[in-house]
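What follows is each chain in one-letter form.
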Amino acid sequence: MTQDLRVPWEEEPGDLYENAPCGYLTTLPDGTIVKVNETFLAWTGYARGELVGRRRFRDLLGTGDQIYHETHYAPLLNMQNDVHEMAFELLRADGERLPVLVNSTLGRDPEGLPRVIRIMILNATERRGYEKELLAARLAAETSERRVRVLQRIVADLAAAPTEAEVSDAVIRAPGPAFGADSATVWLADRDRDQLAAVTSTDSVSMARDDIPRGSSRAIAEVARRGDLHVIGSLDEAEEHFPELAVTMRRTARGTVVLLPLTAAPADDPAAVEVLGVLGFDFAEPRQLSDSELGMVRLLGHQAGQALDRARLYDDARRRESRAIFLAGTTRALEVLPRLRPRAHKLVERMVPEIAEWAAVRLRVGEAGVLADAGGPAPDPERLADRVAQVLLDGTAQFTDADGLDAECAVLPLVANGRVFGTLALRMPPDRRTAAAEAGFLTDLADRAGLALENARLYEQERTIARTLQRSLLAGELPTDPRFAMETHYQAAAHDLEVGGDWFDAFLITPDRLAVVVGDVVGRGIDAATTMGQLRSAIRALASAEAGPARLLERLDLFVERVESARMATVAYAEIDLAAHEMVYACAGHLPPLLAEPGGAPRYLLGARSGALGSRAGRQARIEQRMPLPPGSRLLLYTDGLIERRNRRIDAGFEVLARTYAGKRDSPLPGLTVALADMLVGQDHADDVCLLCLALGTERRLERTIGADPVQIALLRKDLRGWLVAHAVDEESAEAVLLACSEAVANAIEHGYRDDPLGEVDIVATVSPEAVDVRVADQGVWAEPEAGGSRGRGLQLIRKVMDEVAFEHGAGTTVTMRRSRGQAQR
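A quick note: this is a predicted structure, and the numbers were derived from the prediction, not measured.

*Asks:* What exactly am I supposed to notice about the sheet that holds strand 12 (residues 358-363) here?
*Replies:* Where strands meet in a sheet, backbone hydrogen bonds hold them as pairs that are either parallel or antiparallel. Taken in spatial order, the 4 strands of this open sheet run 13-12-15-14, and their pairing is antiparallel. The open sheet terminates on both sides in strands that have one partner only, identified here as strand 13 (370-375) and strand 14 (409-416). Strand-to-strand twist in this sheet, taken as the mean axis angle between neighbours without regard to direction, amounts to 15 degrees. Pairing between strand 14 and strand 15 (residues 419-427): 8 bridges, direction antiparallel. Directly across from Ala 416, in strand 15, lies its bridge partner Arg 419. Packed on one face of the sheet, helix 12 (residues 340-351) meets strand 12, strand 13 and strand 15 and runs near 25 degrees to strand 13. The strands touched by helix 13 (residues 381-394) within the sheet are strand 12, strand 14 and strand 15, with strand 14 carrying the most contacts at an inclination of about 35 degrees.

Given below as structure tokens:
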């Protein structure tokens, strides 16, 4: 049996109770204190008389603890008869709080009713301090862990960001979750403009987002120059060092601002530090960053700087690639346009808006020069003219305006063969790199543009020379005679500088015998043109009234034996007896003539065909065919460029020509060949086109139909004049008929078809020894002429110059007019 050890002094039970290392309280079931030890009184500063019988235990607790006493402590004690280590804060006599741990037991009487509560109080002041320290350490660890996770995610985003914009977006997301910042802004260094440009912000009203020159005294520029972190901890500090920042902090109610340079070390000098931007973030309340936080902030700045450096390298590579693609594309786009003006316009159209917001090309070509511009707004014209003149004078590019009036406007010389013949002016958009920064690219562009535009100028010069030579080799002045009329048209290949071999000619063999010919020499260039001229001269020399077409072709075969370049040339040749109204024709490998006789459909003349000149294949003998050619007939000779196409059979080309020619049978002869070429070929064609249309004899009845186009009136007048002259109508009567007919047709177009541009006007004229009768009819809407109007004056003019005038209104308007001939009047 173990017994207690005896101590060398007597232990008084009362002393043990009063001076125990804990406080003791005894209370009634309602909490009234009935006994308390000295330790508790010493801890709380109360006198025994202040507590015993006067206060309940719950009265010594704060408001929150009283609620906890009622909701947790008392119910648990009543259920379990004891509670252990419940934390409370006792209110000391001086009002201070004493953290304690409470252990209580509930004593009951034999009937089980509550009788007494014994409470032991432990002083938890030091324990509470330890707990706070532990909680603070735990909170710091969790905060650090969270901050590290945020920074790791941001670093991962930075590593994946290929552009400066994406890097900025990643950086600006860090200060909020990592440090609890309220807002953030990123400025990036613009090396071209030597400034810091605000690129993104989480709060539009926090810090100023304007662009800041690097030499500015503002805090952001100062941090960019120093390259070190700066924390403005209070408004007073900002007012002392950066007044403009203090204004912003006061306006936005910010307590602390952190300015972090985004830095990277150049590869060629790792010891040097380059500031690529500044991250600014702020807090609404004053905030003191710990050393670990400052370390993480600096780490963020370094990581962001490296990401910006990579992004800039990537942007540079991508920009060089896009510039190379643009240059190659522009070169190809200019190559497909051989003419000078279209090339100049295409150049500026490609530059705006992809490269510049405004661009202009000025060329010293010809008397007026060439100007092509696109975009806007244009610079000050006087200042631009001065700079252009200077560049033309010294040939030195100006990538910025030295006077600062339009700093973003550049002027570059266009040079070819060492000669400045123009300028390329442009203004870069304000949100892109400056012209000075793009100097290499713009110089390359100007060099390529200069070469392309010079080639276009040479092309047009050589084209003009070629066309002049071509036309000089064609027939000169064609013969004229009242017994026939003739229209010709030559259209050179659209994209060919070389002289072609298509040609036509017409001449009188005798006063009553007309020769017409259309031919095509194999090949192109000067040799073909020379051969064409030789053939034309040979035909004129060999043609005679006795020879005829077949004999002439035989003699040409002998001629090509001596002129090898003329071999395989094709010729359609016809001789017309103007007195007998008869034609003899022959074709040497050429496309068949197309004949439209009065009242009949156009038909191809397929007889009298043989091989090309000097051909050793096919029919060797030259044959000819004779046929009547009644007055009013129209004969069309043409070359293969009019109907041959790579994407259709030649039979289809013949059908199209015959159908189009039939549709134009009532059209005036003037302009007929041009109209046929426009309808069948257009302007963009790959081969020369040559046409000759001969109208034989004088029609007693002239019938024409023209479209509702005022331009057609001039062609009708020319056709009608020739018809009147052929019928020997006196000049005064002829002028009267021409004037009246023109007025009537003009009225029909202007008023009858004012809402119908597709309408047609029919003109019929007949001549007799006594008079000329003209009928003009339309299907338009009649409108009464206004008093004093131009139309009223036109009708008065018609009545004045014609002897008889009648108007009929029905499904349109018909004007019938008669003018007596001069002989009849006498």
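*Asks:* Even after reading the chapter, I still don't get the side chain of Arg 819, so can you show me in this structure?
*Replies:* Considering the arrangement of structural elements, one finds Arg 819 in strand 31 (residues 812-820). Residue Arg 819 is classed as buried on the basis of its relative accessible area, which comes to 9%. One polar contact links the side chain of Arg 819 to the main-chain carbonyl oxygen of Val 801, over a distance of 2.7 Å.

*Asks:* In this structure, what is going on with the sheet that holds strand 11 (residues 274-283)? I would like to understand it.
*Replies:* The 6 strands lie next to each other as 8-7-6-11-10-9, forming an open sheet whose pairing is antiparallel. Single-partner strands in this sheet number two, and they are strand 8 (212-213) and strand 9 (230-232). With respect to the sheet, helix 6 (residues 164-172) is in contact with strand 6 (183-190), strand 7 (195-201) and strand 11, its orientation differing from that of strand 6 by roughly 150 degrees. Sheet contacts for helix 11 (residues 291-335): strand 6, strand 9, strand 10 (256-264) and strand 11; angle to strand 10, the most-contacted strand, approximately 45 degrees.

*Asks:* Explanation requested: the environment of Thr 396 in the structure shown.
*Replies:* Among the secondary structure elements, Thr 396 is positioned in the loop between helix 13 and strand 14. Aside from chain neighbours lying at most four places away, what touches Thr 396 is Val 391 and Pro 413.

Cut-offs and rules
- Residues numbered from 1 in each chain as written.
- Predicted model: local features only at pLDDT ≥ 70, side-chain atom pairs only at ≥ 80, totals over all residues.
- Heavy atoms only, no water.
- Pairing = 2+ DSSP bridges.
- Helix = DSSP H or I, 4+ residues; strand = E, 2+ residues; numbered from the N terminus.
- Axes fitted to C-alpha atoms, helices over the stretch in contact; angles between N-to-C directions.
- Contact = heavy atoms within 4.5 Å.
- Buried < 20%, exposed > 50% of the residue type's maximum accessible area, 1.4 Å probe, protein only.
- Polar contact = N/O pair within 3.5 Å; in protein donor to acceptor, adjacent residues only side chain to side chain.

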